[in-house]
Amino acid sequence: MTKSEEEGLKAEVAEPSERPDAKSAIIDALLEIRRLRSELEEARLSPPEPVAVVGMACRFPGGVTDPESYWRLLRRGECAVKATPEGRWDHEAWFDADPDVAGRLYTQHGGYLSEVDAFDPGLFGISPREAKGLDPQQRMLLEVTWEALERSGLPALKMRGSDTGVYIGISTDDYAYLSLEDYESIDAWSGLGTMRSVAAGRIAYAFGLEGPALCFDTSCSSSLIAIHQACRDLQSGAVSSAVAGGVNLILTPRVTIALCRLKALSPDGLCKTFDAAANGYVRGEGCGVVVLKRLEQARKDGDAILAVIRGSATNHDGQSNGLTAPNGQAQERLLRQALEEAGVTPEQVQYIEAHGTGTSLGDPIEMHALGNVYGAGHSKQSPLRIGSVKTNIGHLEAAAGVAGFIKTVLSLQHREIAPHLHFKDPNPYIAWERLPLVIPVELEAWEAPAAGKKRGAAVSAFGMSGTNVHVVLEEFCDDAAPPPARQRPWNLLTLTAQSDAALGAVVGNYLQLFGSGAKPDLADLCYSANTGRTPLDRRAAFAASSKDGLVAALQAYLTWRNSGVTGTEDGHFFGSPTQISPTPRIAFLFTGQGAQYRGMGRELYDTQPVFSETFDRCNEILQPILGMSLQSLINGEPDSLNQTRYTQPVLFSLQCALYGLWESWGIRPHAVMGHSVGEYAAAWAAGVFDLEQGLLLIAERGRLMQSMPGQGAMVAVLGPGETVRSILPQFDGRVEVAALNGPNHTVLSGNEAAIRQTVEILEGEGLSCRLLDVSRAFHSSQMDGMLADFESFAAAMDFRDPSVPMISNLTGRALDPGEIGAAYWSAHLRQAVRFQEGIQTLAETGCKIFVEIGPAPVLTSMARSILAGPDVALLPSMRSGVSDWKQLLLSTGELFVRGVSIDFEGVDRTFAAQRCPLPTYPFQRSRFWLETATATM
């Protein structure tokens, strides 16, 4: 509303009023009404939001199993029509060349698929018995939808529970006629499995989609109508994404006989669209599915956009020369409406994928309608090119529209126009001399339009029912520069399948990808696979620093049959155990003092913002206290790093940063436990105190410990615990147990001279002893001098009960509510660490996976002597001398194969990886078919 209009409205209601507040409210309401009317009018006049095509999959005649093989068939100009395959029916018995013989077929050709009786039911949770009763059209829709979602980078798991809509064109019921002809053999599976109305709902059920699930049967326009309706629902906001397509199979001669009675089919088995010899169409089979999103949403989600739908329209012929006769005026109205909806002028469209059935009546009507509407934007010098895929694969009826749609998207992507077949003599009933239309009979480069313009195309489908649809498309050009990519030295590829055989096939497909000459970027390949595939039960993970390393790991996997890890210097793989837990329980173990080393975590700090942001926050709090930055301590001389007052805050900060990194990848513990100083980071992770409180507490602990007399020593003893403890009484308290790390691993602490005497005695008895690099006797009476001061400092802190089970070093069991406080931390300084009992408690609670949060695999190594079995995984986060990324991704790979859900978007979020084409799932199909006299396939 303009300012003058607003002032005029105020003048209209400016009469005196005894209630000025009421007058003001009326003015505001009227202004709001006018504003809303203005917005609605603008919305009505503006084109709808464009829709992005983000995924496609198909199965068409001629051995077409994917868009790539489809495009090869099209650009080579191949005809996929062939004789009726053996097993469909006795085609010789049903054939008669005389078109007037009732109950017979005068054609023996069509566009047929192979192995339509085969299916992989287990992938979709379908039993063999149900699979046998399920219409092969619905089976094919499930598999092709799976592939379309994979190719769009939207795995089924990610789609589950979404408002995604399903829109499917389906018209025939051949399998129902076969399965229901014997009334006594009808069961629940065959009844439900052959209902056309269930086809879209079955897809929604299988993938957990909660948007509308609609089936369309308008005969030949069914699948393009499905795409049109999907666009409408996307543009209205009813759904956020859509699966749309269609399917058609020819399993009995029933429908073909009816079409022969209509004289609709070509006797010679060729669809000669727009040619003088056009004498009918050829029936064909196939299935195509596309995945759609609103364009801006697809951009935001980082989807690979294949093409853009600018607009679409549908109408009906109304009363014409017959129900099945096309109406030229209705077609013209449709074309104009679609262009108006798309906000596109005729000259912006350079190619039309016509309905083009090859009938003497339909071809001239369609061409004249196209010429009358689009001709205004074209000339003999710049003609509109028109083709029909029916000349290649036949008329796929309910799937015809999506077949033409996918062809057109491929043409826009490849910037080529495929040849139109069987066009020799132009149909004399088409006014070629006045229409600026050209039929391309050879492969043509699709020249770029005027500067700043995009290639445009449209697809038509006219139903025998009289229902017509026209869709306007445009190529997608993304001029935005990709964000600068961060690099990391290692990447992780995860692959899954429903069975071991299928997983082997998946691995083989990736090897073929590399062997085919394709050169995918390693990071892009891993990101696309990790985020764009549904995790299934059988799993493998491959960590590699190079493409050669990945190929070597993939090859090694094919010869490997036992759970575990193996690899070379630049490539490793993990295979899943025989059984993986559906809900694996994870414990985080926080390393104690002594694991630190110079440069620890530097690679993560330089490449991973989640890690560096947490570490920098810790440094911001600690630097005024320590007088040095954490980075200078880690990267400086070891003497500083190994001083207790510095070591403990540095370890705590590193562990917090590591925990934050794991958490950002979706890895969260079911329980936590630390070892000595590591219990502070465990307590922070469990929510006992906030980050600042934890940093203040650990800094004061380190300072006070550093102030204690430096005349202590500690020794790790490997040998029976009973033997170790039996000699302690003779030292009168000068030597104490500092940690019980395992049945044969004890740490002693005390007076330096007494410790050395202890070592002599124990080594004399054949035990192995290793003096620790410390200057004080932790967890001994030498700490008594600081206990009161530390407890007083801790008393000022606000401690909370752990939010996840936290196993105490003091008791080896989970802390009870109210148990943790200042006195607890004081006792924690003094008493022995009961690590062995803590690990056993974690195991008793069901934890099978132990991730060490610290710079070295100290605790996981000790736990190995306590826990055993292939179902136990002990995984370090870091390891001295090993790339941080290598160790992290090796552990992530084993977490994945053991069934842990990982947020791979989080893993790759900061590395700007792009989606790239990948092999789709290798279905493990078996034959499922009826056992009746007429179902002979």
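Reading the values: rules and limits
Residues numbered from 1 in each chain as written. Predicted model: local features only at pLDDT ≥ 70, side-chain atom pairs only at ≥ 80, totals over all residues. Heavy atoms only, no water. Helix = DSSP H or I, 4+ residues; strand = E, 2+ residues; numbered from the N terminus. Buried < 20%, exposed > 50% of the residue type's maximum accessible area, 1.4 Å probe, protein only. Contact = heavy atoms within 4.5 Å. Areas by Shrake-Rupley, 256 points an atom, 1.4 Å probe, with all protein chains shown as cover. Lys, Arg positive; Asp, Glu negative; His and termini not counted. Charge placed at Lys NZ, Arg CZ, Asp CG, Glu CD. Phe/Tyr/Trp six-rings, centres within 6.5 Å; stacked < 30°, edge-to-face > 60°. Patch = residues over 30% accessible without salt bridge, like charges linked within 9 Å, V, L, I, M, F, W, Y side chains within 5 Å. Salt bridge = Lys/Arg side-chain N within 4 Å of Asp/Glu carboxyl O. Pairing = 2+ DSSP bridges. Axes fitted to C-alpha atoms, helices over the stretch in contact; angles between N-to-C directions. 1 Å grid on protein atoms, 1.4 Å probe; cavity = no way out; pocket = protein on both sides within 12 Å on 5 of 7 lines; lining within 4 Å. Points joined across faces, edges and corners; volume = space filled by probe spheres on them. Nonpolar A, V, L, I, M, F, W, Y, C, P; charged D, E, K, R; others polar. Parallel < 35°, antiparallel > 145°, perpendicular 65-115°, else oblique. Left-handed = near helix turned anticlockwise from the far one by under 90°. Polar contact = N/O pair within 3.5 Å; in protein donor to acceptor, adjacent residues only side chain to side chain. Expected span 1.5 Å × (residues − 1).

Time to look at the overall build of the chain. The secondary structure content of the chain amounts to 35 helices and 30 strands. Expressed as lengths along the three principal axes of its C-alpha atoms, the size of the chain is roughly 115 × 90 × 55 Å. Looking at the 937 residues of the chain, the share that counts as buried comes to 58%. Across the chain, the fraction of contacts at a sequence separation of at least 24, relative to all contacts at a separation of at least 6, is 78%. Surface accessibility of the chain: about 37,200 Å² in total, with carbon and sulfur atoms responsible for 50%. Seen as two clouds, the 80 positive and the 109 negative side-chain charges of the chain have centres 2 Å apart.

With that out of the way, let us pick up the packing of aromatic side chains. Scanning all chains against the criterion turns up 24 aromatic pairs. Taking the centre distance of 5.8 Å and the plane angle of 85° together, the rings of Phe 588 and Tyr 659 count as edge-to-face. Of this pair, Phe 588 sits in strand β21 (residues 585–590) while Tyr 659 is found in helix α25 (residues 644–664), placing the two residues 71 residues apart along the sequence. Just as Phe 588 is buried, Tyr 659 falls in that class too. Judged by centre distance (5.9 Å) and plane angle (20°), the ring pair of Trp 665 and Trp 885 falls under stacked.

What follows is about a nonpolar patch on the surface. A contiguous nonpolar patch, built from Ile 26, Leu 30 and Ile 33 and spanning about 230 Å² of accessible area, is present on the exposed surface. In this structure, Ile 26 sits in helix α2 (residues 20–45). According to the relative accessible area criterion, Ile 26 is partly exposed, its value standing at 46%.

With that settled, consider the sheet that holds strand β27 (residues 806–807). Taken together, five strands build an open sheet; the order of strands is β27-β22-β21-β28-β29 and the sheet is parallel. At either margin of the open sheet sits one strand with a lone partner, and together these are β27 and β29 (873–876). Note: β21 against strand β28 (residues 847–853), six bridges, orientation parallel. Counterpart to Leu 589 in the pairing with β28 is Glu 852. Sheet strands touched by helix α34 (residues 884–897): β21, β28 and β29. Its angle to β29, the strand with the most contacts, is close to 155°.

All right, on to the sheet that holds strand β15 (residues 456–462) then. Pairing within the open sheet is mixed, and its eleven strands lie in the order β6-β5-β7-β8-β1-β9-β16-β15-β10-β11-β13. Taken across any chain shown, the strands that pair with only one partner, and hence form the sheet edges, are β6 (213–216) and β13 (437–438). Pairing geometry for strand β1 (residues 51–59) and strand β8 (residues 286–294), over eight bridges, is antiparallel. Counterpart to Val 53 in the pairing with β8 is Leu 292.

Burial analysis of β8 places nine of its nine residues in the buried class, which makes it a mostly covered element. Going residue by residue along β8, you find Gly 286, Gly 288, Val 290, Leu 292 and Arg 294 tucked away on one face and Cys 287, Val 289, Val 291 and Lys 293 tucked away on the opposite face as well. Examined bridge by bridge, strand β7 (residues 241–248) and β8 share eight bridges and lie antiparallel to one another. Among the inter-strand pairings, Asn 248 is bridged to a residue of β8, identified as Gly 286.

Looking now at helix α3 (residues 67–75). Turning to α3, its buried residues number three or more, namely Pro 67, Ser 69, Tyr 70, Trp 71, Leu 73 and Leu 74. Residue Gly 77 follows α3 closely and has a positive phi angle near 70°.

On to unusual backbone geometry, then. Here the phi dihedral of Phe 274 falls at roughly 70°; this positive angle occurs in a residue that is not glycine. Residue position: Phe 274 is located in the loop between α12 (254–261) and β8.

Okay, empty space enclosed by the protein next. The full count for this structure, using the stated rule, is four cavities of 30 Å³ or more. Here the largest cavity defines a volume of roughly 100 Å³. Looking at the largest cavity, it is lined by 14 residues, and the ones nearest its centre are Thr 107, His 109, Tyr 112, Thr 256 and Leu 265. Partitioning the lining of the largest cavity into residue classes produces seven nonpolar, six polar and one charged.

This part is about the packing of helix α6 (residues 136–152) against helix α10 (residues 199–207). Packing of α6 against α10 brings their axes to within 10 Å, and their N-to-C directions diverge by 50°. Relative to α10, the element α6 is oriented oblique. Note that α6 runs across α10; the crossing there is right-handed. Across the interface between the two elements, Gln 138, Leu 141, Leu 142, Thr 145, Trp 146 and Leu 149 from α6 touch Ala 199, Arg 202, Ile 203, Ala 206 and Phe 207 from α10.

It is at 11 Å that the axes of helix α26 (residues 678–685) and helix α31 (residues 822–830) come closest, and there the two elements cross at 150°. Taken together, the axes of α26 and α31 lie roughly antiparallel to each other. Contacts from Glu 679, Tyr 680 and Ala 683 in α26 reach Tyr 824, Trp 825 and His 828 in α31.

For β1, the tally of buried residues reaches nine of nine residues, placing the bulk of the element in the interior. Inspection of the sheet shows β1 paired to strand β9 (residues 307–316) by three bridges, in the antiparallel sense. Bridge pairing in β9 places Val 53 opposite Ala 307.

On to the environment of Tyr 605. Note on placement: Tyr 605 falls in helix α21 (residues 602–607). By relative accessible area, Tyr 605 is classed as partly exposed at 22%. Distance from Tyr 605 to Pro 449, taken between C-alpha atoms, is 49 Å for residues 156 residues apart in sequence. Leaving out residues up to four positions away in the same chain, Tyr 605 has contacts with Phe 611, Ser 612, Phe 615, Asp 616 and Gln 631.

Next up on the list: the side chain of Ser 460. Mapping Ser 460 onto the fold places it in strand β15. For Ser 460, a relative accessible area of 4% puts it in the buried group. A polar contact of 2.7 Å, which involves the side chain of Ser 460, links it to the side chain of His 470. Filtering out sequence-adjacent residues up to four positions away, Ser 460 remains in contact with Leu 224, Leu 335, Glu 353, Ala 354, His 355, Glu 366, Val 469 and His 470.

The next thing to look at is helix α18 (residues 500–515). For an α-helix, 3.6 residues make a turn, and residues three or four places apart therefore share a direction. Spanning 16 residues, α18 covers 22 Å between terminal C-alpha atoms, matching the ideal 22 Å at 1.5 Å per step. Taken residue by residue, α18 has Ala 502, Leu 503, Val 506, Val 507, Gly 508, Tyr 510, Leu 511, Leu 513 and Phe 514 as its buried positions. Close packing links the buried residues of α18 with β17 (491–497), α19 (522–532), β18 (538–544) and α20 (547–557). Phi turns positive one or two residues past the end of α18, at Gly 517, with a value near 100°.

Turning to the pattern of salt bridges, a few remarks are in order. All told, the structure shown has 42 salt bridges when counted by the stated rule. The partner of Arg 299 in a salt bridge is Asp 478, and the shortest N-O contact between them spans 3.9 Å. Here the residue Arg 299 occupies a position in helix α13 (residues 295–301), and Asp 478 occupies one in the loop between β16 (467–474) and β17, the gap between them amounting to 179 residues.

Let us look at the side chain of Gln 693. Structurally, Gln 693 is set in helix α27 (residues 691–707). Looking at Gln 693, the relative accessible area reads 16%, which means it is buried.

Secondary-structure assignment places Met 673 in strand β22 (residues 671–674). Sequence-wise, Met 673 and Gly 103 are 570 residues apart; in three dimensions their C-alpha atoms are separated by 79 Å. Once residues lying within four places of it in the same chain are set aside, the contact partners of Met 673 are Phe 588, Leu 589, Phe 590, Ala 682, Ile 807, Asn 809, Phe 835, Gly 838, Ile 839 and Leu 842.

Mapped onto the elements, Ile 257 comes out in helix α12. The class for Ile 257 is buried, based on a relative accessible area of 15%. Separated by 151 residues in the primary sequence, Ile 257 and Tyr 106 place their C-alpha atoms 8.6 Å from one another. For Ile 257, the contacting residues outside a window of four places in its chain are Trp 94, Gly 103, Arg 104 and Leu 105.

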